[in-house]
Amino acid sequence: MHRMKLTNMLQAYAPLDVQEQQFKKDMLEFIQAQPECFERSLAMGHITASSWLLNKDGSKALLMHHTKLNNWFQLGGHCDGNPDVLEVAIKEAQEESGINGIVAVYADIFDIDIHLIPENSRDKAHYHYDVRFLLQVNSDEDVVQNHESKELRWIQKDLSVLPTQNVSIVRMFNKWVNENWNV
């Protein structure tokens, strides 16, 4: 039952990118096959939720230089049993940015990605089935960095300032720049 909401959201999502189309197929199969898909304890992989977080006027997006993975990513994290991926994405954005005033621009999926997390001191290598949402700050709060990031950086709609060439980050950046999100 809990998996049905995400399954419906994914079925309604129409990615234009060929890679995302494959991610959608694989993610739907994973959810169907794994009743514990929202649990971090599922060693092969699990559903995660993240966001492309915009500032109050929509002119900038926030990226974090992840401490453990030593690379630039969008804000997000584990569902830890919560099947409401939008709620998880907002919670993770709040925790990782220090900003409480964050809302969804749309409740629909913005992007999806499946990526391998390398083995580390706590976990064996596993997959994150990441569901991403377009979120926006709706307050005047300042960013507050926590232990999960080496740096938080607002980036403008200028590809030359993007601090990574990670394919999924570039894909979300291009969606933000090239689509009319009416924010």
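Everything below is about the structure shown above.
Described below are features of the structure shown in this document. All of these numbers come straight from a predicted model, not from anything done at the bench.

Here we look at helix α4 (residues 167–178)
Part 1 of the reasoning: Along its 12 residues, α4 runs 16 Å from first to last C-alpha, staying within 8% of the 16 Å computed at 1.5 Å per residue.
Part 2 of the reasoning: Listing the buried residues of α4 in full gives Ser168, Ile169, Val170, Arg171, Met172, Phe173, Lys175 and Trp176.
Part 3 of the reasoning: The distance from a side-chain oxygen at the start of α4 to the backbone nitrogen of Ser168 is 2.9 Å, and the residue carrying that oxygen is Asn166.

A few points about the packing of helix α2 (residues 18–33) against α4
Part 1 of the reasoning: Where α2 contacts α4, the axes come no closer than 12 Å and their chain directions differ by 110 degrees. Here α2 is positioned roughly perpendicular relative to α4, judged by the angle of their axes. Between α2 and α4, the residues in contact are Gln19, Glu20 and Phe23 and Val167, Arg171 and Lys175, respectively.
Part 2 of the reasoning: Residues of the contact of α2 with α4, tallied by class, amount to 2 nonpolar, 1 polar and 3 charged.

Things to note about unusual backbone geometry
Part 1 of the reasoning: Although it is not a glycine, Asn70 adopts a positive phi angle of roughly 50 degrees.
Part 2 of the reasoning: With respect to the helices and strands, the residue Asn70 is situated in the loop between β2 (60–66) and β3 (71–73).
Part 3 of the reasoning: Note on Asn70: relative accessible area 45%, which makes it partly exposed.
Part 4 of the reasoning: In the Ramachandran plot, Asp80 falls in the positive-phi region, its phi being about 50 degrees despite a non-glycine side chain.
Part 5 of the reasoning: Tracing the chain through its elements places Asp80 in the loop between β4 (75–78) and α3 (85–97).
Part 6 of the reasoning: Of the residues examined, Asp80 reaches a relative accessible area of 46% and is grouped as partly exposed.

A look at the pattern of salt bridges
It is possible for side chains of opposite charge to pair when their charged atoms get near one another.
Part 1 of the reasoning: All chains considered together, the criterion is met by 15 salt bridges.
Part 2 of the reasoning: Salt-bridge contacts for Lys175 lead to Glu20; the nearest nitrogen and oxygen are separated by 2.8 Å. Placement of the pair is Lys175 in helix α4 and Glu20 in helix α2, with a sequence separation of 155 residues.
Part 3 of the reasoning: On the basis of relative accessible area, Glu20 is assigned to the buried category, the value being 1%.
Part 4 of the reasoning: With a closest N to O distance of 2.9 Å, Asp111 and Arg132 form a salt bridge. A residue pair is termed long-range when its members are at least 10 positions apart, and Asp111 in strand β6 (residues 111–117) and Arg132 in strand β7 (residues 126–137) qualify at 21 residues.
Part 5 of the reasoning: Under the relative-accessibility criterion, Asp111 is labelled buried at 0%.
Part 6 of the reasoning: Salt bridges sharing partners connect three or more residues here, namely Glu20, Asp111, Asp113, Asp130, Arg132, Arg171 and Lys175.

So, the environment of Ser139
Part 1 of the reasoning: By secondary structure assignment, the location of Ser139 is in the loop between β7 and β8 (149–156).
Part 2 of the reasoning: For the pair formed by Ser139 and Ile99, sequence separation is 40 residues and the distance between their alpha carbons is 8.1 Å.
Part 3 of the reasoning: Not counting residues up to four positions away in its chain, the partners in contact with Ser139 are Lys56, Ile99 and Gly101.
Part 4 of the reasoning: In this structure the side chain of Ser139 is engaged in a polar contact, spanning 2.6 Å, whose partner is the side chain of Glu141.

Rules used throughout
Residues numbered from 1 in each chain as written. Predicted model: local features only at pLDDT ≥ 70, side-chain atom pairs only at ≥ 80, totals over all residues. Heavy atoms only, no water. Helix = DSSP H or I, 4+ residues; strand = E, 2+ residues; numbered from the N terminus. Expected span 1.5 Å × (residues − 1). Buried < 20%, exposed > 50% of the residue type's maximum accessible area, 1.4 Å probe, protein only. Polar contact = N/O pair within 3.5 Å; in protein donor to acceptor, adjacent residues only side chain to side chain. Axes fitted to C-alpha atoms, helices over the stretch in contact; angles between N-to-C directions. Parallel < 35°, antiparallel > 145°, perpendicular 65-115°, else oblique. Contact = heavy atoms within 4.5 Å. Nonpolar A, V, L, I, M, F, W, Y, C, P; charged D, E, K, R; others polar. Salt bridge = Lys/Arg side-chain N within 4 Å of Asp/Glu carboxyl O.

The analysis is restricted to geometry; functional conclusions fall outside its scope.
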